[in-house]
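Coordinate analysis (summary)
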Amino acid sequence: IVVTEKSIVFLDESFVLTKQPLPLEDVTEISVSSGHDQCMVICSSSGRRRDWLFSLQQPDVRDDFIGEITSIICQGVTRKFGVCPLVTIDQQVKANIGGEDIIVDIDYQFKAQPEFKKTGSHSLTLLWPA
């Protein structure tokens, strides 16, 4: 994840763009989980309401980046528009995916890799290695 003066960009390990950049003016809220999984949703006010749902951490790395990236995004939005997006920290995160409001639960299991799994019509679970 890269935060520029104008937008937020997702790059893969080869530095290839993986999603359309999200303009900073579209960021309305940041929702993060309270666990060590560092699950994060960047809520967007864009016409298609495309919230970004992801986890910052790999299971075998214990560095904590959630506070740092939240701060960088808030500073960028505040510097450019004079208002900080709402930041919510909870055991569950809420997102709008595909036009539907969903709740994301975190479940710690014996898994090799993190995985998002649909668990209901309006819910997902992040299966996180215990």
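Before going into details, it helps to say that this report is about the structure given with it. Quantities reported herein were computed from a predicted structural model and do not represent experimental measurements.

Turning our eyes to something else, we now look at the environment of Lys-111. Here Lys-111 lies in the loop between β9 (100-109) and β10 (115-120). Exposure remark for Lys-111: the relative accessible area of 27% places this residue in the partly exposed category.

So, on to the sheet that holds β9. The four strands lie next to each other as β8-β9-β11-β10, forming an open sheet whose pairing is mixed. Each of the sheet's edge strands pairs with one partner strand only, and the pair in question is β8 (93-97) and β10. Taking the axes of each pair of neighbouring strands and ignoring which way they run, one obtains an average angle of 35 degrees across the sheet. As paired strands, β10 and strand β11 (residues 123-129) are joined by five bridges and run antiparallel to one another. Considered in β11, the bridge of Lys-118 is made with Leu-124.

Scanning the entire structure with this criterion turns up two aromatic pairs. Between Phe-10 and Trp-52, the aromatic rings sit 4.6 Å apart at their centres with planes inclined by 55 degrees, giving tilted as the arrangement. In this pair, Phe-10 sits in the loop between β2 (7-9) and β3 (22-23) while Trp-52 sits in strand β6 (residues 52-55), placing the two residues 42 residues apart along the sequence. Per residue, the accessibility class of Phe-10 equals that of Trp-52, and both read buried. A residue is classified by how much of its surface remains accessible, and Phe-10, at 11% relative accessible area, is buried. An aromatic cluster of at least three residues, connected via ring pairs, comprises Phe-10, Trp-52 and Phe-54.

On to the nonpolar core. Counting 16 residues, the largest nonpolar core has Ile-8, Val-27, Ile-30, Met-40, Ile-42, Trp-52 and Ile-73 as its most contacted members. Listed by contribution, the elements that provide at least two residues to this core are β4 (27-33), β5 (39-44), β6 and α1 (66-81). Top contributing element to this core by residue count: α1, with five residues. Apart from residues no more than four positions distant in its own chain, Ile-8 is found in contact with Ile-1, Val-2, Val-3, Pro-21, Leu-22, Leu-24, Val-27, Ile-42, Trp-52 and Ile-73. Listed in part, the 12 residues of the second largest apolar core include Cys-43, Val-93, Leu-126 and Trp-128.

Okay, the sheet that holds strand β7 (residues 86-90) next. If you trace the four strands from one edge of the open sheet to the other, you get β6-β5-β4-β7, paired in mixed fashion. With partners counted over all chains shown, the strands left at the sheet margins are β6 and β7, one partner each. Pairwise comparison of adjacent strand axes, ignoring direction, gives a mean angle of 15 degrees for this sheet. Of the strand pairs in this sheet, β4 and β7 are connected by five bridges, and their pairing is parallel. Bridging from a neighbouring strand, Val-32 pairs with Ile-89 of β7. Of the strands in this sheet, β4, β5 and β7 touch α1, which is tilted by about 170 degrees from β4.

What counts and how
- Residues numbered from 1 in each chain as written.
- Predicted model: local features only at pLDDT ≥ 70, side-chain atom pairs only at ≥ 80, totals over all residues.
- Heavy atoms only, no water.
- Helix = DSSP H or I, 4+ residues; strand = E, 2+ residues; numbered from the N terminus.
- Buried < 20%, exposed > 50% of the residue type's maximum accessible area, 1.4 Å probe, protein only.
- Pairing = 2+ DSSP bridges.
- Axes fitted to C-alpha atoms, helices over the stretch in contact; angles between N-to-C directions.
- Phe/Tyr/Trp six-rings, centres within 6.5 Å; stacked < 30°, edge-to-face > 60°.
- Core = buried A, V, L, I, M, F, W, Y, C linked by side-chain atoms within 4.5 Å.
- Contact = heavy atoms within 4.5 Å.

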